[in-house]
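Here is how the chains run, residue by residue.
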Amino acid sequence: MTGAVGFRFGAERSYPLAHAGPDPRFSESLINSVAAVLVGYGYPPFESLEDWAGLESALAGYLYEWKETT
């Protein structure tokens, strides 16, 4: 089955991804979906803007290599 999720011992890391600029996959819809999965597993709902911003920041930090902006 292609696209199956699984762990392979000895596999190389896929993340973090190179940060080459805006990524259209990283959207409000993605953040909403991740939040919904967490809530579905019993975590508290995301109600404040700070919670949403924190989730977005944490997800971006995991997905992308840090890129210096100065």
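First, a word on scope: everything that follows refers to the structure included in this document.

What counts and how
- Residues numbered from 1 in each chain as written.
- Predicted model: local features only at pLDDT ≥ 70, side-chain atom pairs only at ≥ 80, totals over all residues.
- Heavy atoms only, no water.
- Helix = DSSP H or I, 4+ residues; strand = E, 2+ residues; numbered from the N terminus.
- Buried < 20%, exposed > 50% of the residue type's maximum accessible area, 1.4 Å probe, protein only.
- Contact = heavy atoms within 4.5 Å.
- Areas by Shrake-Rupley, 256 points an atom, 1.4 Å probe, with all protein chains shown as cover.
- Expected span 1.5 Å × (residues − 1).
- Core = buried A, V, L, I, M, F, W, Y, C linked by side-chain atoms within 4.5 Å.
- Axes fitted to C-alpha atoms, helices over the stretch in contact; angles between N-to-C directions.
- Parallel < 35°, antiparallel > 145°, perpendicular 65-115°, else oblique.
- Nonpolar A, V, L, I, M, F, W, Y, C, P; charged D, E, K, R; others polar.

### Brief notes about the overall build of the protein
Then, number 1: Scanning the protein from terminus to terminus reveals two helices and zero strands.
Then, number 2: Taken across its 70 residues, the protein has 13% of its residues classed as buried.
Then, number 3: In the protein, once contacts between residues fewer than 6 apart in sequence are set aside, the share between residues at least 24 apart is 66%.
Then, number 4: Counting every atom, the protein has about 6,300 Å² of accessible surface; 59% of that belongs to carbon and sulfur.

### Describing helix α1 (residues 28-40)
Then, number 1: In this model, α1 (13 residues) spans 18 Å end to end at C-alpha, consistent with the 18 Å of a helix rising 1.5 Å per residue.
Then, number 2: Positive phi appears at Gly 42, one or two residues downstream of α1, with a value of about 100°.

### Quick word on the nonpolar core
Then, number 1: Judged by nonpolar contacts, Phe 26, Ile 31, Ala 35, Leu 55, Leu 59, Leu 63 and Tyr 64 together constitute the single largest core of seven residues.
Then, number 2: Elements that contribute at least two residues to this core include exactly α1 and α2 (49-63).
Then, number 3: For this core, the element with the most residues is α2, which contributes three residues.
Then, number 4: When near neighbours in sequence (up to four residues on either side) are disregarded, Ile 31 contacts Phe 26, Trp 52, Leu 55, Glu 56 and Leu 59.

### Considering the environment of Leu 55
Then, number 1: Relative to the elements of secondary structure, Leu 55 occurs in helix α2.
Then, number 2: With relative accessibility at 11%, the residue Leu 55 sits in the buried group.
Then, number 3: Between the alpha carbons of Leu 55 and Ala 35 there is a distance of 7.8 Å; along the sequence they are 20 residues apart.
Then, number 4: Apart from the residues lying within four places of it in its own chain, the contact partners of Leu 55 are Ile 31, Val 34, Ala 35, Leu 38 and Phe 46.

### Focus: the packing of α1 against α2
Then, number 1: Remark: α1 packs on α2, axes separated minimally by 10 Å, with the N-to-C direction vectors making an angle of 105°. Considering the angle they form, α1 stands roughly perpendicular to α2. Facing Leu 30, Ile 31, Asn 32, Val 34, Ala 35 and Leu 38 of α1, the residues of α2 in contact are Trp 52, Leu 55, Glu 56 and Leu 59.
Then, number 2: A class-by-class count of the residues in the contact of α1 with α2 yields eight nonpolar, one polar and one charged.

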